[in-house]
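Observations on the model geometry
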Amino acid sequence: MIMKNSSFTPNLIFLSLAKLFSSFSGYLYDIGIVTYLYSETQSVMVVGGFFVSQLLPACIILLSGYIIDQYDRKKLIIISNLLKLLLFFIIIWNHNIWIIYIVTFLFNFIFEFEGNTFQSMLMDVFQSNQLLKVSSTINVLDSASMIIAPVTASVLTVSFSFRANLIFASICITFAAIFYHLLNVKKNIIKEQKKTIKGWNGYFYIFKNKNIARMILFWNIFMLCIGITSPLEISMIEETLGMSSTYYGIGNSVEGIGMLVASVFILGLIKKLYPGTIIALGLFCSSLSYLIIGLSGNIFIYFIGAAFVGITSTCCPLGFKTEIQLNIDPIIMGRAFTTARFTVILSRIAGSALTGLALRVINIRFIYFIVFGILAVSSFIYLKWTRTVKMES
């Protein structure tokens, strides 16, 4: 059901603030833990293990789509945030590496579930022609979070310890749950609608849409490349450029600036842009970012590449998610997002797993150049395909 226009502004405010605090807590956790693991072990493999434990929930997240389509999504999101709060307390109490891996696995399973529920809920709160505007507005605040949170995390880690990150993250999670509670969300799916596409039929139904299936393929290519490069960042900064690991957090802040610039750009041209065009732009910026990072001889050139990573971090997810929301039946929206995430996260896991092996035989810069080539070709193919679809329609 669609909310009345009078509910648009307060719902957008509460939703944006909830997402802001939730994202802030995630950045504090990730940066604090990655810095801690690398400082304790000096091992890219251990950091890679952290990223793999982040991504493994994809193996079971697929099954949660049916739950998202059946139950009150607002309550599901609030429960998810309370469970994340509990996990933060566990890792503050015990920060053994294997405990970190286990907690990270559980945290990211909940995070994935919450994210898919969030995206599915948007279609039930806002009209379809408002989705790109809503998502861009949320991205602007999320970008601000990415600028502030990494710097905050770095300062807390250097001045105190990574536990300080987790305490602040716990506070943010609490605020997020409160703002989600304040949302005015009606019943998202009518019972009669739920009966039309049951269980596994909803998952198979998604791939009958050839455009969505093709879009998910490109999303997988994008996430494979993200998986390859994510574990390389801190090693590139410390070992290749010879800088302190503190710059890892600053690099994330620079990415946040890129996200902010892209979000404002998209919001300003909202009536002139199509999701497919945004995706092609994101893929191209992604390829350019890794070319710059691969060529970087100092931290400042690296930061330029990081800014382009931020641009693509806005464009690609925004475009892919909006395409799903506009082209999939709302009654299977939860299953659509969990299916897409299931495939793309598996691709990211594969990329992260390959990185540790590739570093044994390939120079780190050459890995960045390979990723550049894959994404550059993908961007031009996707743009050509998007134009063909527009002409046919």
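Just so you know, these numbers come straight off a predicted model, no measurement behind them. (Residues numbered from 1 in each chain as written. Predicted model: local features only at pLDDT ≥ 70, side-chain atom pairs only at ≥ 80, totals over all residues. Heavy atoms only, no water.)

Quick look at the overall build of the chain
Of the regular secondary structure elements, the chain holds 17 helices and zero strands. Sorting the 393 residues of the chain into buried and exposed places 56% on the buried side. Counting only contacts in the chain whose residues sit at least 6 apart along the sequence, the fraction spanning at least 24 positions is 87%. Accessible surface, the chain as shown: approximately 16,800 Å² in total, 69% of it carbon and sulfur. (Helix = DSSP H or I, 4+ residues; strand = E, 2+ residues; numbered from the N terminus. Buried < 20%, exposed > 50% of the residue type's maximum accessible area, 1.4 Å probe, protein only. Contact = heavy atoms within 4.5 Å. Areas by Shrake-Rupley, 256 points an atom, 1.4 Å probe, with all protein chains shown as cover.)

Notes on the state of the cysteines
All told, the structure shown has zero disulfides when counted by the stated rule. Cysteine cysteine 315 remains unbridged, with the sulfur of cysteine 285 as its closest cysteine sulfur at 5.9 Å. For cysteine 315, a relative accessible area of 2% translates into the label buried. (Disulfide = S-S within 2.5 Å.)

Let's talk about the nonpolar core
Leu15, Met215, Trp219, Phe222 and Ile324 are the most contacted members of the largest nonpolar core, which totals 93 residues. Residue contributions to this core peak at 14 residues, all from helix α1 (residues 8–41). Aside from chain neighbours lying at most four places away, what touches methionine 215 is Ile279, Phe320, Glu323, Ile324, Tyr382 and Trp385. Listed in part, the eight residues of the second largest apolar core include Leu132, Ile278, Ile311 and Cys315. (Core = buried A, V, L, I, M, F, W, Y, C linked by side-chain atoms within 4.5 Å.)

Re the side chain of serine 352
When you line up the elements, serine 352 lands in helix α16 (residues 333–358). At 3.1 Å, the side chain of serine 352 forms a polar contact with the backbone oxygen of glycine 227. (Polar contact = N/O pair within 3.5 Å; in protein donor to acceptor, adjacent residues only side chain to side chain.)

So, helix α15 (residues 299–327)
Its 29 residues place the ends of α15 42 Å apart at the C-alpha level, agreeing with the 42 Å of an ideal helix rising 1.5 Å per residue. For α15, the side-chain oxygen to backbone nitrogen distance between the N-cap and phenylalanine 300 is 3.0 Å, and the N-cap itself is asparagine 298. (Expected span 1.5 Å × (residues − 1).)

Overview of the packing of aromatic side chains
Inspection of the entire model under this criterion finds 13 aromatic pairs. For the ring pair phenylalanine 218 and tyrosine 382, a centre distance of 4.9 Å and an interplane angle of 80° mean the geometry is edge-to-face. You can see phenylalanine 218 sitting in helix α11 (residues 210–229) and its partner tyrosine 382 sitting in helix α17 (residues 364–392), a full 164 residues away along the chain. Among the aromatic side chains, those forming a connected cluster through ring pairs are Phe218, Trp219, Phe320, Tyr382 and Trp385. Over the aromatic face of phenylalanine 118 sits the side chain of lysine 19, whose NZ or CZ is 5.5 Å from the ring centroid. (Phe/Tyr/Trp six-rings, centres within 6.5 Å; stacked < 30°, edge-to-face > 60°. Lys NZ or Arg CZ within 6 Å of the ring centre and 35° of its normal.)

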